[in-house]
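Here are the chains, one letter per residue:
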Amino acid sequence: MQKNKNLKIWSVAAAAMLMTAVSMNAVTAPAPLDPVPNANQLVWQERGQYMFLHFGVNTFSNREWGDGKEDPKIFNPTNLDARQWVKAAKDGGFKMVVLTAKHHDGFCLWPSAYTEHSVKNSPWKDGKGDVVREVSDACKEFGLDFGVYLSPWDRNSPYYGDSPKYNEYYVNQLRELLTNYGKISIVWWDGACGEGPNGKRQEYDWDAYLKVVRELAPEAVIFSDKGDVRWVGNENGLAKETCWSMYNRSSVEIGGGVQQQMGEGNPVGGDWAPAECDVSIRPGWFYHADQDDKVKSLTHLLDIYYRSVGHNCCLHLNVPPNQQGLLAPGDVARLKEFHEAVSENFKTNLALKKKGKASSFREKSRKFNAAKALDGKRETYWALDDGQTSGSLVVDLRKPVTFDLILLQEYIELGQRVSAYHIDFWDETKKEWTELAKGTTIGYKWILRVPWTTARKVRLTIDDARACPTISSFELYQSSY
Ligand code: FUL
């Protein structure tokens, strides 16, 4: 009898558990809205910022574009220390380093078997050196990802302009870089395409290049108008006020392109190709001593940060090593300041775990309620029902709080959705909502700078979206810098 009773208690408990499980399962997450990012693109996006290193014969000839006729002997850094470069990148908050393994002059920073125009014919380390090796080793030591810039435009190669021959040469060089240096996380293709020495124009075989990257570097994203990450369309590091991660690769010509689409993306684009904002910390991409006093100010770098990382893009900041083979002290100091400022500004999320109330939430399930945008976790999100493309969320901060930065995120694993929104605060004196800011896109991350505001309640209203919104973060900060 006792045995039967226990059995009964157990079966009631089991049934209750099953019912809970069933009701939890019954809550369905929104279906992905294509296109969505792939795993490599998500890793890329989460890095936020990475560092460019322009280094090569131009560093010694004091030029921006070499003509390929440089004597390899001019490449002679007296004190090259790749660990110093990578440490500075890490101290600056950068998660990856990208080296110009070969710029337009064709000079290779590794001893390529396919050309004499490389470090092997330079006096540096008696021709036994390999800058690609030193940087990739330093990245491993400091825990940063590593990538390569391999310029398709090559002003030295005798094959350039003889399309099939040069394409083979380029693929061979890609193979060297993608097999001999461990994990490569980005391959960066410049679209520039100049005249060959024989007067002919080179037809790049992008499909062949792409194939070899996919084969040898399965974890890499390709930066290219036809790759995984697109160019934002300018070299100032600034994205536009609207920035979709979607895009139509097929309608864009490499090296030319539809400037508008590069900048803003395309809400009906069929490809997921988020934008990278590249910019140099100095006027030039390569080091020039007379630019030592032209290193961008902290204010300028912060502005770039807000308009790149804070505009649904990644920031690719160039810091060029000098003729010694070191990053200049002023640049290193600025990187540190930059990291300190960003860390300090985003140290305390004033809305974290505060009480939230949404106009509605998906299937009335706690799994998608307002708290999910305020819990500090990107993988949980406030969502609306299918077909519902507007709604609002009020965060109650419990007491008046002063802020000037608002950070929003969408759960982009399900696609980028929001196309219009605004933010207002409850004005206690006027007893009304007062608009503070409005925007169009959010994507992975959007940061709004607003006037210093003190309020107890702040409201995010999604005015329009491509499908029901999925908001994973609504955060407030008070900047110190
Ligand atoms: C450009 C190049 O021509 C510049 O020299 C630099 O490498 C920049 C990142 O890309 O297109």
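Note that the structure is a prediction, hence the values are computed from the model and not measured.

### So, helix H10 (residues 329-345)
- With 17 residues, H10 should cover 24 Å at 1.5 Å per step; its first-to-last C-alpha distance of 24 Å lies within 8% of that length.
- Among all positions in H10, only Asp 331, Arg 334, Leu 335, Phe 338, Ala 341, Val 342 and Asn 345 are buried. End-on view of H10: buried residues confined to an arc of 130 degrees, all on one side of the axis.
- Elements that come into contact with the buried residues of H10 comprise strand S1 (49-53), helix H4 (82-91), helix H9 (298-308), strand S10 (314-318), strand S13 (391-410) and strand S17 (470-477).

### Some points on the domain arrangement of the protein chain
- Domains assigned within the protein chain are domain 1 (39-345) and domain 2 (355-477).
- Each of domain 1 and domain 2 was reduced to a C-alpha centroid, and the two centroids are 36 Å apart.
- Buried surface at the junction of domain 1 and domain 2, summed over both partners, amounts to about 1700 Å²; 60% is from carbon and sulfur atoms.
- At the junction of domain 1 and domain 2, the tally comes to two salt bridges.
- Its salt-bridge partner being Arg 378, residue Glu 46 comes within 3.3 Å of it at the nearest N-O pair.
- Where domain 1 packs against domain 2, one counts 12 residue pairs in polar contact (both at pLDDT 80 or more).
- Where the side of domain 1 that touches domain 2 is concerned, the elements lending two or more residues are helix H2 (39-47) and H9.
- Of the residues assigned to the side of domain 1 that touches domain 2, the class counts are nine nonpolar, seven polar and five charged.

### Overview of the packing of aromatic side chains
- All told, the structure shown has 31 aromatic pairs when counted by the stated rule.
- Geometrically, the ring pair formed by Phe 60 and Phe 75 is edge-to-face, given 5.3 Å between the ring centres and 70 degrees between the ring planes. Within this pair, whereas Phe 60 is found in helix H3 (residues 57-61), its partner Phe 75 is found in the loop between H3 and H4, the two being separated by 15 residues in sequence.
- A residue is classified by how much of its surface remains accessible, and Phe 60, at 17% relative accessible area, is buried.
- An angle of 85 degrees between the planes, with centres 5.9 Å apart, marks the rings of Phe 75 and Trp 124 as edge-to-face. Of this pair, Phe 75 sits in the loop between H3 and H4 while Trp 124 sits in the loop between strand S2 (96-102) and helix H5 (131-142), and the two are 49 residues apart along the sequence. Both residues of the pair, Phe 75 and Trp 124, belong to the buried class.
- Across from the ring centre of Trp 433, 4.4 Å away, lies the NZ or CZ of Arg 459, which sits over that ring.

### Here's the deal with the packing of H9 against H10
- At a closest axis distance of 10 Å, the pairing of H9 and H10 adopts a crossing angle of 55 degrees. As summarised for this structure, H9 and H10 are arranged oblique, according to the angle between their axes. H10 is crossed by H9, and the crossing has right-handed handedness. The residues of H10 that touch H9, namely those facing Leu 298, Leu 301, Leu 302, Tyr 305 and Tyr 306, are Arg 334, Glu 337, Phe 338, Ala 341, Val 342 and Asn 345.
- When its residues are assigned to classes, the contact of H9 with H10 shows eight nonpolar, one polar and two charged.

### A word on the pairing of S13
- Within S13, 16 of the 20 residues are buried, which leaves the element mostly enclosed by the surrounding structure.
- Note that strand S11 (residues 355-358) and S13 share four bridges and pair antiparallel. Residue pairing for S13: Ala 358 is matched across the bridge by Leu 393.
- By the bridge criterion, 13 bridges tie S13 to strand S16 (residues 446-465) in an arrangement that is antiparallel. Across the sheet, the residue bridging to Val 401 is Ala 455, located in S16.
- One ladder, built from six bridges, connects S13 with S17; its direction is antiparallel. Its bridge partner lying in S17, Glu 410 is registered against Ile 471.

### Regarding the site of the ligand
- Close to the ligand lie Phe 52, His 54, Trp 65, His 103, His 104, Tyr 149, Trp 188, Asp 190, Glu 235, Asp 278 and Trp 285.
- At a separation of 3.1 Å, an oxygen atom of the ligand approaches a polar side-chain atom of Tyr 149.
- The residue inventory of the shell around the ligand, partitioned by class, reads five nonpolar, three polar and three charged.

### Details of unusual backbone geometry
- Residue Pro 35 follows Asp 34 across a cis peptide bond; omega there is -5 degrees.
- Summarising the element assignment, Pro 35 is placed in the loop between helix H1 (2-26) and H2.
- Although it is not a glycine, Asn 312 adopts a positive phi angle of roughly 65 degrees.
- Tracing the backbone through its elements, the reader meets Asn 312 in the loop between H9 and S10.
- Overall, Asn 312 belongs to the buried group, its relative accessible area being 1%.
- Phi at Glu 363 takes a positive value of approximately 50 degrees, unusual for a residue other than glycine.

### A closer look at the packing of helix H6 (residues 163-179) against helix H7 (residues 206-216)
- Remark: H6 packs on H7, axes separated minimally by 10 Å, with the N-to-C direction vectors making an angle of 15 degrees. In terms of their interaxial angle, H6 and H7 are classed as roughly parallel. In the crossing of H6 with H7, the sense of the turn from one axis to the other is right-handed. Residues Tyr 166, Asn 167, Tyr 170, Val 171, Leu 174, Arg 175, Leu 178 and Thr 179 of H6 form the contact with H7, whose own contacting residues are Ala 208, Tyr 209, Val 212, Val 213, Glu 215 and Leu 216.
- Counted by class, the contact of H6 with H7 contains 10 nonpolar, two polar and two charged residues.

### So, the pairing of S16
- With seven bridges joining them, strand S14 (residues 418-427) and S16 adopt antiparallel strand pairing. Its bridge partner lying in S16, Phe 425 is registered against Val 458.

### Things to note about the nonpolar core
- Counting 76 residues, the largest nonpolar core has Phe 75, Trp 85, Val 131, Val 135, Leu 174 and Val 213 as its most contacted members.
- A total of seven residues in this core trace back to one element, the largest contributor, which is H6.
- Residue contributions to this core reach at least three from each of two domains, namely domain 1 (39-345) and domain 2 (355-477).
- Residues within four places of Phe 75 in sequence aside, it is in contact with Phe 55, Gly 56, Val 57, Phe 60, Phe 107, Leu 109, Val 119, Ser 122, Pro 123, Trp 124 and Val 131.
- Counting 39 residues, the second-largest nonpolar core is a separate cluster that includes Ile 423, Ala 437, Val 450 and Ala 465.

So, how was this worked out
Residue numbers restart at each chain and count upward from 1, following the sequence in its written direction. Two thresholds apply to this predicted model, a pLDDT of at least 70 for residue-level local features and 80 or more for giving and counting side-chain atom pairs, whereas whole-chain, interface and lining totals are computed over all residues. Calculation of side-chain values draws on the structure's entire complement of heavy atoms; hydrogens and water are dropped beforehand. To qualify as a helix, a DSSP run of H or I must reach at least 4 residues; to qualify as a strand, a run of E must reach at least 2; elements of each kind are numbered from the N terminus. A helix is expected to reach a length of 1.5 Å times the quantity of its residues less one. The buried label goes to any residue with under 20% of its type's maximum accessible area, the exposed label to any with over 50%, and the partly exposed label to all in between, with areas taken from a 1.4 Å probe on protein chains only. Each C-beta atom gives one direction from the helix axis, and the arc is the one those directions make. Note on contacts: a residue pair qualifies if any of its non-hydrogen atoms lie within 4.5 Å across the two residues. Residue ranges assigned to each domain were obtained from an automatic or database domain assignment. The buried area of a pairing is the accessible area, by a 1.4 Å probe, that goes missing from both parts when the two are put together, added over both. A pair is scored as a salt bridge if a Lys or Arg side-chain nitrogen falls within 4 Å of a carboxyl oxygen belonging to Asp or Glu. Counting of polar contacts relies on pairs of N or O atoms within 3.5 Å, with two restrictions inside protein: one atom must be capable of donating a hydrogen and the other of accepting it, and residues adjacent in sequence are counted only when both atoms are side-chain atoms. Any residue that is not Ala, Val, Leu, Ile, Met, Phe, Trp, Tyr, Cys, Pro, Asp, Glu, Lys or Arg is counted as polar, Gly included; the first ten are nonpolar and the last four charged. Aromatic contacts are taken between Phe, Tyr and Trp rings whose centres are within 6.5 Å, Trp giving its six-membered ring; a plane angle under 30 degrees counts as stacked, one over 60 as edge-to-face, and the others as tilted. A positively charged side chain is recorded as over a ring if its NZ (Lys) or CZ (Arg) lies within 6 Å of the ring centre. The angle to the ring normal must also be within 35 degrees. Angles shown run from 0 to 180 degrees and are taken between the N-to-C directions of axes, each axis being a line fitted to C-alpha atoms and, for helices, limited to the stretch in contact. Orientation is classified from the angle alone, with under 35 degrees giving roughly parallel, over 145 giving roughly antiparallel, 65 to 115 giving roughly perpendicular, and any other angle giving oblique. Each crossing gets its handedness from the near helix: less than a right angle anticlockwise from the far helix is left-handed, clockwise is right-handed. Any two strands between which DSSP finds at least two bridges are classified as paired. Nearness is defined per residue: one heavy atom within 4 Å of the molecule or strand is enough. Only buried Ala, Val, Leu, Ile, Met, Phe, Trp, Tyr and Cys residues count toward a nonpolar core, and they belong to the same one when joined by side-chain atoms within 4.5 Å.

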